Amino acid sequence: MSQDIVAACREASGKEFPKPGLRRVSAWVEVDLAGLGRNVALIRADLPAAVGLMYVAKDDAYGLGAVPAVRTVLGAGGDSVAVVTLDEAAELRAAGIRAPILLMGERLEEEWPDVLELDLEPAIGSVAAAEALNRLATRMGRRVAVHLKINTGMNRFGFPWREVEQWSVRLARLDRLEVAGVFGHFAQSDEPDKTYARTQSGRFEGCLDRLREAGISPCRRHHANSGGALELPESHFDLVRVGILAHGVYPSASCRRVAGLEPVMTVKARVVAEQPVDPGDSVGYGMRWTATRRSRIGVMPVGYGDGYPRLRNEGRVLIRGRYVPVVGGVTMDALMVDLTEVPEAGVGDEGVLMGRQGGMEITPYELARLKRSVPYEILLGWRHRLPRVYLEGGGA
Ligand SMILES: *Cc1c(COP(=O)(O)O)cnc(C)c1O
């Protein structure tokens, strides 16, 4: 098993390590690229044919590894990509990805030259930003495709929807900007109450009308994230921006399901040590767990330094198809589990910290609840200390 993983690591990264055998084989993140491709095809099939699919690959594709994830999605029916930082975009371009890249968020003035250099389609959220970019484009003798970001109620980035009459007229004068897209973003799209989402969509449509009157008719209008893609067909417009759903994880517990979607990220670690303890013995920092019987403690080499939540006597791991409880506090580099109930388990066994083993599963939701967070933070919280192992041809 361990040699397989070493080989897979080497192949996936495409790098020659000084000593490939030194790559960490005791804990890793498995990314099911074949599953990612299947998910994207299922989401595509769930959308009307005229609606495009933009893959939101920010934060290293939610921890999957941006380059392999983006390649897979583009090969499976995605037609464009969105990221947030210039570094993220540069990584994709350096890997030879030529698809349109929407650069979301706001830019500071010194970032504009790189936006042009990398041939990105930046989000523009203010007249000042639009004018600065237009000036630069004029100097360079070129035109730039942009997506206007409208603040329809999230109140984070974008042109205020209420002032559309003012800013649309000023934008129409900027002859170097080509408005390829116009978009907004939902503050809430995946909960049962859609009132605010509908208000936002209505504001967005009002802005589109005003823009048309000002002579701006973008071909790509978009407002939906995963929640909107699932639940708000009236917000689909020309494309949906999908991140988490492509990874087989739903944005909320209540939203509509798409049959066949599978989670693509699995976090695994092997048992690397065992400790026999007697009744009254404690485990870990602060002596937070005390054995009440003779017990066998297994040690997994994953801790909060790898992105596992810093739990204490909470959480569980799948080993040999059974749930075993985390005992004591999770440390930076390791966590301890009680193996007493699974006598056949021992050093070398593969455990699952997030994902499926046999018919059992530990979901990002379960970890999010324990961390008092959301599945998004759990997915992208797995740090790069855990090598990514890419599976091209089948499930985990
Ligand atoms: C992150 C993000 C998305 C994707 O959200 P998901 O819920 O993961 O689909 C879409 N649009 C914007 C503006 C985002 O920041």
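Calculation rules
- Residues numbered from 1 in each chain as written.
- Predicted model: local features only at pLDDT ≥ 70, side-chain atom pairs only at ≥ 80, totals over all residues.
- Heavy atoms only, no water.
- Salt bridge = Lys/Arg side-chain N within 4 Å of Asp/Glu carboxyl O.
- Helix = DSSP H or I, 4+ residues; strand = E, 2+ residues; numbered from the N terminus.
- Buried < 20%, exposed > 50% of the residue type's maximum accessible area, 1.4 Å probe, protein only.
- Axes fitted to C-alpha atoms, helices over the stretch in contact; angles between N-to-C directions.
- Parallel < 35°, antiparallel > 145°, perpendicular 65-115°, else oblique.
- Left-handed = near helix turned anticlockwise from the far one by under 90°.
- Contact = heavy atoms within 4.5 Å.
- Nonpolar A, V, L, I, M, F, W, Y, C, P; charged D, E, K, R; others polar.
- Near = heavy atom within 4 Å.
- Polar contact = N/O pair within 3.5 Å; in protein donor to acceptor, adjacent residues only side chain to side chain.
- Areas by Shrake-Rupley, 256 points an atom, 1.4 Å probe, with all protein chains shown as cover.
- Core = buried A, V, L, I, M, F, W, Y, C linked by side-chain atoms within 4.5 Å.

1. Topic: the pattern of salt bridges
Then step 1. Applying the stated rule across the entire model yields 26 salt bridges.
Then step 2. As a salt-bridge pair, E366 and R316 come within 2.8 Å of each other at their nearest N and O atoms. Taken together, the residues E366 in helix 11 (residues 364–371) and R316 in strand 16 (residues 316–319) connect sequence positions 50 residues apart.
Then step 3. Note on E366: relative accessible area 10%, which makes it buried.
Then step 4. Close ionic contact of K371 with E377 constitutes a salt bridge, the shortest N to O distance being 3.5 Å.
Then step 5. The class for K371 is partly exposed, based on a relative accessible area of 34%.
Then step 6. Judged by its relative accessible area of 37%, E377 is partly exposed.
Then step 7. Taken together, the shared-partner salt bridges in this structure form one network comprising E30, K268 and E350.

2. Thoughts on the packing of helix 2 (residues 33–46) against helix 4 (residues 66–75)
For any two helices packed against each other, one specifies the inter-axial angle together with the distance between the axes.
Then step 1. Put simply, helix 2 and helix 4 touch, their axes get as near as 9 Å, and they point 40° apart. On the basis of their axis angle, the class for helix 2 and helix 4 is oblique. Two packed elements cross with a definite hand, and for helix 2 against helix 4 that hand is right-handed. Seen from helix 2, the contacting residues are L33, L36, G37 and V40; seen from helix 4, they are P68, A69, T72 and V73.
Then step 2. Considered class by class, the residues forming the contact of helix 2 with helix 4 number six nonpolar, two polar and no charged.

3. Focus on the site of the ligand
Then step 1. K58, Y62, S226, I244 and Y376 are the nearest of the 13 residues found near the ligand.
Then step 2. Interatomic distance of 2.9 Å between a backbone N/O atom of G243 and an oxygen atom of the ligand.
Then step 3. Measuring from an oxygen atom of the ligand, one finds a backbone N or O atom of I244 at 2.8 Å.
Then step 4. For the ligand, whose unbound accessible area comes to 390 Å², protein coverage reaches 93%.
Then step 5. Among the elements of the structure, helix 3 (58–62) and strand 10 (239–242) are those that each provide at least two residues to the shell around the ligand.
Then step 6. Residues of the shell around the ligand, tallied by class, amount to six nonpolar, four polar and three charged.

4. Let's talk about the environment of A214
Then step 1. Examined against the element boundaries, A214 turns out to sit in the loop between helix 9 (195–213) and strand 9 (220–222).
Then step 2. Expressed as a C-alpha distance, the spacing of A214 and R173, which sit 41 residues apart in the sequence, is 9.7 Å.
Then step 3. With residues up to four places along the chain from it excluded, the contact list for A214 reads S168 and A172.

5. Looking at the nonpolar core
Then step 1. Residues Y308 and W382 are the most contacted members of the largest nonpolar core, which totals 115 residues.
Then step 2. Among the elements that take part in this core, helix 7 (residues 127–140) stands out by supplying seven residues, more than any other.
Then step 3. Every residue in contact with W382, bar those within four places of it in the chain, is listed here: V29, M265, V267, V302, D306, G307, Y308, M354, L367 and R388.
Then step 4. One finds V283, W289, V299 and V327 within the second-largest nonpolar core, a separate group that totals nine residues.

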